[in-house]
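Commentary on secondary and tertiary structure
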Amino acid sequence: MPKYEHNLLDLAKKNRQNMTDAERKVWAVLRGKKTGFLFRRQYQIECYIVDFVCLEKHLVIECDGSQHTEEKDKERTKFLEQAGYRVLRFWNNEILENIEGVYEIILMELEK
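Let me sum up the structure you'll find in this document.

So, how was this worked out
Residues numbered from 1 in each chain as written. Predicted model: local features only at pLDDT ≥ 70, side-chain atom pairs only at ≥ 80, totals over all residues. Heavy atoms only, no water. Helix = DSSP H or I, 4+ residues; strand = E, 2+ residues; numbered from the N terminus. Expected span 1.5 Å × (residues − 1). Buried < 20%, exposed > 50% of the residue type's maximum accessible area, 1.4 Å probe, protein only. Arc of directions from axis to C-beta. Pairing = 2+ DSSP bridges. Axes fitted to C-alpha atoms, helices over the stretch in contact; angles between N-to-C directions. Contact = heavy atoms within 4.5 Å.

Focus: helix H5 (residues 99-111)
- Along its 13 residues, H5 runs 18 Å from first to last C-alpha, staying within 8% of the 18 Å computed at 1.5 Å per residue.
- Among the residues of H5, Ile99, Val102, Tyr103, Ile106, Glu109 and Leu110 are the ones counted as buried. For H5, the angular spread of buried residues about the axis comes to 120 degrees, placing them on one side. Of the exposed residues in H5, the ones pointing more than 90 degrees away from its buried face are Glu100 and Glu111.

Regarding the sheet that holds strand E4 (residues 86-91)
- The mixed open sheet is built from 4 strands, whose spatial order is E1-E2-E3-E4. Taken across any chain shown, the strands that pair with only one partner, and hence form the sheet edges, are strand E1 (40-45) and E4. Across the sheet, the mean angle from the axis of one strand to that of its neighbour is 45 degrees, orientation sign disregarded.
- In the packing of helix H2 (residues 21-30) onto the sheet, the strands contacted are E1, strand E2 (48-54) and strand E3 (59-64), and the crossing angle to E2 comes to about 35 degrees.

Okay, here's the thing in structure tokens:
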């Protein structure tokens, strides 16, 4: 289990103010309950900040760019799944090139 950091709120706030283009696109389709569910962005779950989360459906959505590594993402995903969340990961280029397809996948997960 990763080291627990008690105060990630400042980092989450900074991340909300400096979203990537891919995160902006995802947020545009999630915010305002367009999906029928409330999503939060840059939300702290234990020792991690997730890009987006629907607490009601225990669904985490991650936008992965070049800073992500398979090993770190695997550890993070395992931790979140053990905490009861389902995790959807999308590469930034997938989001930027096919937001409609990404949105459809998110809607299908929300129906589960």
